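# Remarks on the overall topology
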There are 2 protein chains.
Amino acid sequence: VPHDSLTHLRSAVDRHLQARLATDQDKYLTVGQEIADLYAVAGPLLERGKRLRAGFLAAGWRSFGGTALAPEEIGAGAGLELFQLAALVHDDLMDASVSRRGLPAAHRQFRTVHEERAMISDPEAFGAAGALLLGDLLLVAAQSELAGALTDPATAAASRAVFEEMMAEVTVGQYLDIYAQSAPWAEDPDEDLDRAERVIRAKSARYSVEHPLALGAAMAGANPTQIQGIRTVGLPVGEAFQLRDDLLSVFGDPAVTGKPAGDDLREGKRTVLIAAALKYASPAEAEHLKRSVGDPALTEADVEEIRDILTSCGARRHVEDLISDRAQRAEAAINELALAAPHETFLRALAQAAIARTR
Amino acid sequence: VPHDSLTHLRSAVDRHLQARLATDQDKYLTVGQEIADLYAVAGPLLERGKRLRAGFLAAGWRSFGGTALAPEEIGAGAGLELFQLAALVHDDLMDASVSRRGLPAAHRQFRTVHEERAMISDPEAFGAAGALLLGDLLLVAAQSELAGALTDPATAAASRAVFEEMMAEVTVGQYLDIYAQSAPWAEDPDEDLDRAERVIRAKSARYSVEHPLALGAAMAGANPTQIQGIRTVGLPVGEAFQLRDDLLSVFGDPAVTGKPAGDDLREGKRTVLIAAALKYASPAEAEHLKRSVGDPALTEADVEEIRDILTSCGARRHVEDLISDRAQRAEAAINELALAAPHETFLRALAQAAIARTR
């Protein structure tokens, strides 16, 4: 039963992550009691992950003969969740995001530590440094879990290549993203659209879905053709996942997403949604968007006005159509794989959860 | 001949690092041409490292039977150098340092990219994001090189444990360091001194010398007693190395160190030197230090005045004495190891270079 499978996986990954943090904290408290702060910030943020990447890893692993809930599956799944949080903590710092997973973003939590203890020095700088170091610490723990899960020498090298590519690619993709935010708008809207599509592939689609699936498959000993096959499922699911994310961050319910609506707009994210709007909106509307997107002072009314433009010009519809197209491609690719029935059901359920999600 | 040994090692590590960066850049340019910036900043900074950590790794490796210039030695040495640069790039960002290895610090180089290309958005924020991502990318590459160097399944797990501990420990040590900078001065100067000593052990001494030696030894198949023995050399050498660093950053020649003199003072680093001065200086001098240390606006004359206090109160002498003590302990520990003559000579030469360095 796919629902049970995912629930069991989540519990096992959660327990593993808690144990990992507890062990690390005990070990490093000898350096100084102060470092408990790092684990106090990490724990609740880590707890609230959707375990989507662990799920895709398990789907890849099980589809090619890996045993459900084997230590390798749990460890690698935990590693992906740690990496995800590392990336989020650093992203939120760069984007000056206020909240994450319904909690204050890590750099805000460290700022609060500073304020509550009446420390000297600049609270913003302390908050930023705390988040920077927490991200580094999570990145080290992620690699440790992933490397530790490669117990089979026959598949270790190929598996390691997958997660190293994933980690490097999301980092360079993130650079492309901040670069895009800082670049003047292109004369030709198709240029911005092309860049937005490259950004979501590198920094999100491949890393959230395609690489986890490929890693699980590689760990289970899938051959290169099989790994390529499951990548063909992963890329469209990942693109749909990120396009959904872009819609949710503008049109989603903050009570459900755990992030204020409109943050992407205030941060000036050059999403496919925005790039499409610049292409489809009237010149006056496009000018309005160029002036507004990236303005940190946008009010709720400003955001509402932008929402109206994004809807009326057809950009929202365009993104929904892209999501449907990617969902169909993913469906076709899943059929192509001809997996055993329970694995196909598990993979399809995860893909649908990623694409149709509300948070 | 130890001098030749180190020269050959440096060349081999340099070539390996250049090849690694070139391969990565080619691979990730497909994400976007913009990411060439990351490699353009990394290359020259990486080139200018002293290769001290690669040297200690080689000393540990060769002392227990590893072949000089074997791919494992070169790869792991390169991994340590990448990790070192990752840590420096993030440190400089947190400390708002201006320069590094005689070049502008990474975040300043990314700020220059922003300015030269007439980008929109805040240049400081872009510079910070660039350095944050570059550090992440180097950290991923470091782990990749280190993991790739563990070719012997019999020693891989023990070796991996060493570098994972190194990476986590330096990160939590760094948190303790920024925490110390932000904490009010303690009533009892011995408390600050104790914390300063814990900071240098965790964030520098063990990571710069002890862990590289232990990693090389573990990779070569040294037994736990032997690894413990070489750690006994590494800790005092590492402490002396960091204490020398603290002295150089206040009293060193900027033309030689590649960093402005007095930066540690402006950044408010709570070094052993400063903590000792608070203990030994007169109450009036101690008050002056507490007011001055951490003031980013210190002039060269202010720095000169602090130098005079640090010298006249005996703190500088105290740190020199600590360095001598650590050098003697290291010497005794090297003798205790009873290594074959060429390995002992190589290790001793490296230890002396680390302790007596001028940059």
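Sequence positions are assigned chain by chain, starting from 1 and proceeding in written order. Key to labels: chains lettered from A, ligands numbered from 1, both in the order written. The model is predicted, so local features are restricted to residues of pLDDT at least 70 and side-chain atom pairs to those at 80 or more, both for listing and for counting; the totals for chains, interfaces and linings are taken over all residues. Calculated side-chain values reflect all of the structure's heavy atoms, with hydrogen atoms and water omitted.

## Some details on the environment of D263 of chain B
All names here are of chain B. Here D263 lies in helix α11 (residues 263-266). Placed 33 residues apart in sequence, D263 and P296 show a C-alpha to C-alpha distance of 8.4 Å. Contacts are residue-level and defined by heavy atoms, with any inter-residue pair within 4.5 Å sufficient. Apart from residues lying up to four places away in sequence, D263 is in contact with S97, V98 and S249. Numbered from the N terminus, helices here are DSSP runs of H or I no shorter than four residues, and strands are runs of E no shorter than two.

## What about the side chain of D264 of chain A?
All names here are of chain A. Checked against the element boundaries, D264 lands in helix α11 (residues 263-267). Each residue's exposure class comes from its accessible area (1.4 Å probe, protein chains only) as a fraction of the maximum for that residue type: buried when under 20%, exposed when over 50%, partly exposed otherwise. Classification of D264 as buried rests on a relative accessible area of 15%. Excluding anything up to four places from it in sequence, D264 contacts D246, S249, K269 and T271.

## Digging into the packing of helix α2 (residues 36-47) of chain A against helix α6 (residues 123-148) of chain A
Residue and element names in this part refer to chain A. Where α2 contacts α6, the axes come no closer than 10 Å and their chain directions differ by 75°. The pairing of α2 with α6 is recorded here as roughly perpendicular in orientation. Contacts between α2 and α6 pair L38, Y39, V41 and A42 from the former with G130, L134, L137 and L138 from the latter. Lys, Arg, Asp and Glu make up the charged group, whereas Ala, Val, Leu, Ile, Met, Phe, Trp, Tyr, Cys and Pro make up the nonpolar group; the residues left over, Gly among them, are polar. Residues that form the contact of α2 with α6 fall into these classes: seven nonpolar, one polar and no charged. For helices, the fitted axis covers only the stretch in contact; all axes are lines through C-alpha atoms, and the angles between them, taken along N-to-C directions, range from 0 to 180 degrees. Roughly parallel refers to an angle under 35 degrees, roughly antiparallel to one over 145, roughly perpendicular to one between 65 and 115, and oblique to any angle outside these ranges.

## A word on the nonpolar core
Side-chain atoms within 4.5 Å are what join buried Ala, Val, Leu, Ile, Met, Phe, Trp, Tyr and Cys residues into a set we call a nonpolar core. Among the nonpolar cores identified, the biggest contains 249 residues, and Y175 of chain A together with Y175 of chain B are the most heavily contacted of them. Every residue in contact with Y175 of chain A, bar those within four places of it in the chain, is listed here: E34, I35, D37, L38, F110, V113, F126, G130 and L133 of chain B.

## Observations concerning empty space enclosed by the protein
Whether a set of points on the 1 Å grid over the protein atoms alone is a cavity depends on a 1.4 Å probe fitting there but being unable to get out, while an open set qualifies as a pocket with protein on both sides within 12 Å along at least five of seven lines; lining residues are those with an atom within 4 Å of a point. Grid points are joined across faces, edges and corners, and a volume is the space filled by probe spheres set on the points. Scanning the model with the defined rule gives seven cavities of 30 Å³ or more in all. Roughly 140 Å³ of volume is contained in the largest cavity. Around the largest cavity, the lining is made up of 15 residues, and of these F83, A87, V170 and T171 of chain A together with D136 of chain B lie nearest the centre. When contributions to the lining of the largest cavity are tallied by element, the ones reaching two or more residues are α4 (71-95), α6 and α7 (153-182) of chain A together with α6 (123-148) of chain B. At six residues, the largest contribution of residues to the lining of the largest cavity is made by α4 of chain A. Residue composition of the lining of the largest cavity, grouped by class: nine nonpolar, four polar and two charged. The space that makes up the second largest cavity amounts to roughly 80 Å³. If you go around the second largest cavity, the residues you meet are A168 of chain A together with R20, L21, D24, L38, Y39, A42, L134, L137, L138, V140 and A141 of chain B. For the lining of the second largest cavity, the secondary-structure elements that each account for two or more residues are α1 (2-28), α2 (36-47) and α6 of chain B.

Note that every value here comes from positions in space, so none of it alone points to a role or purpose.
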